[in-house]
Amino acid sequence: MKITYLINKPRANGSMGLSVAAHSEWQEIVKANKQLPLEQQRYFIRDRIADGDELDWMMIETTREGYLTWHREHESSSRNRALGQEFKHLSMDVVVSTGDGTTLLIDTMPSADCVENDCFNQILMENLQEALAAWRPWANDLLDMYLRGQKRACSKALAKKYSISERMIRKYKIQFENFL
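The structure reproduced in this document is the subject of the present report. What you see is a predicted model, and the numbers here were worked out from it, not measured in a lab.

This next bit is on the pattern of salt bridges. Evaluated as defined, the whole model comprises four salt bridges. Close ionic contact of Glu25 with Lys9 constitutes a salt bridge, the shortest N to O distance being 3.4 Å. Of this pair, Glu25 sits in helix H1 (residues 23-33) while Lys9 sits in strand S1 (residues 3-10), and the two are 16 residues apart along the sequence. Accessibility expressed as a relative area gives 23% for Lys9, which makes it partly exposed. The shortest N-O distance in the salt bridge between Arg42 and Glu61 comes to 2.8 Å.

And the structure:
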């Protein structure tokens, strides 16, 4: 394992740039940081680089904002990695044993969408609408209002539409609910 230290040093043209430093130089900076206020400290991020079978480490000087961003992401990934140890991960293509033999895990998982239930519900609703239309002319309007959650607010609208009193609509509601 090799550790490389990149610190900001002045260049020949007067600008600051990252340059390779010795371990002793990096230790001096870290030691000096302990006596400095946060605004004057120098910040470093740690990065791993896989080189074949070995891991190389890089300590890279950055700004306080860059360090805080890196630190947040580093802490988050550490927490996720630790929590991930609590779960077992399975491939959806793994073969599992069932009562009838073997099958893929994905084939045993229930679907969020059940086509049969959706079709059944659609047919049931169509049959209900046909029965309501044959029973009373206002029944489908009442069903629509109930389905929209307007059970209480529909009396006035239906009374106006059918030119009858709200009291009569309330009687219709009782008949409708009994029919259902």
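Remark on secondary structure: sheet strands pair via backbone hydrogen bonds, oriented parallel or antiparallel. Sheet architecture is open: four strands sit in the order S2-S1-S4-S3, paired in mixed fashion. In the strand order of this sheet, the two ends are held by strand S2 (16-21) and strand S3 (43-51), each with one partner. This sheet shows a mean twist of 25° between the axes of neighbouring strands, independent of strand direction. Here S1 pairs with S2 via six bridges, running antiparallel. Residue pairing in the sheet places Pro10 in a bridge with Met16 of S2. In the packing of H1 onto the sheet, contacts are made with S1, S2, S3 and strand S4 (54-62), and the angle to S1 comes to roughly 65°. Seen against the sheet, helix H2 (residues 64-84) touches S3 and S4 and runs at an angle of roughly 50° to S3.

If you walk through the whole model with that rule in mind, you get eight aromatic pairs. Consider the rings of Trp135 and Phe179, whose centres lie 4.4 Å apart with planes at 15°: the pair is stacked. Within this pair, whereas Trp135 is found in helix H4 (residues 115-135), its partner Phe179 is found in helix H7 (residues 166-179), the two being separated by 44 residues in sequence.

Moving on, we get to the pairing of strand S6 (residues 101-104). Bridging between strand S5 (residues 95-98) and S6 involves four bridges; their strand directions are antiparallel. Across the sheet, the residue bridging to Thr98 is Gly101, located in S6. In sequence, S5 turns back onto S6 through a hairpin of two residues.

The next point concerns the nonpolar core. In a soluble, globular protein the nonpolar side chains are often hidden away together inside. Counting 13 residues, the largest nonpolar core has Trp138, Leu142 and Phe176 as the members making the most contacts within it. When contributions to this core are tallied by element, the ones reaching two or more residues are helix H5 (139-147), helix H6 (154-162) and H7. Per-element accounting of this core gives the leading share, five residues, to H5. Ignoring any residue separated from it by four or fewer positions in sequence, one finds Trp138 in contact with Tyr162, Tyr172, Gln175 and Phe176.

Moving on, we get to H5. Three or more residues of H5 are buried, namely Ala139, Asp141, Leu142, Leu143, Met145 and Tyr146. Gly149 occupies a position one or two residues after H5 and carries a positive phi of about 80°.

Rules of the game
- Residues numbered from 1 in each chain as written.
- Predicted model: local features only at pLDDT ≥ 70, side-chain atom pairs only at ≥ 80, totals over all residues.
- Heavy atoms only, no water.
- Salt bridge = Lys/Arg side-chain N within 4 Å of Asp/Glu carboxyl O.
- Helix = DSSP H or I, 4+ residues; strand = E, 2+ residues; numbered from the N terminus.
- Buried < 20%, exposed > 50% of the residue type's maximum accessible area, 1.4 Å probe, protein only.
- Pairing = 2+ DSSP bridges.
- Axes fitted to C-alpha atoms, helices over the stretch in contact; angles between N-to-C directions.
- Contact = heavy atoms within 4.5 Å.
- Phe/Tyr/Trp six-rings, centres within 6.5 Å; stacked < 30°, edge-to-face > 60°.
- Core = buried A, V, L, I, M, F, W, Y, C linked by side-chain atoms within 4.5 Å.

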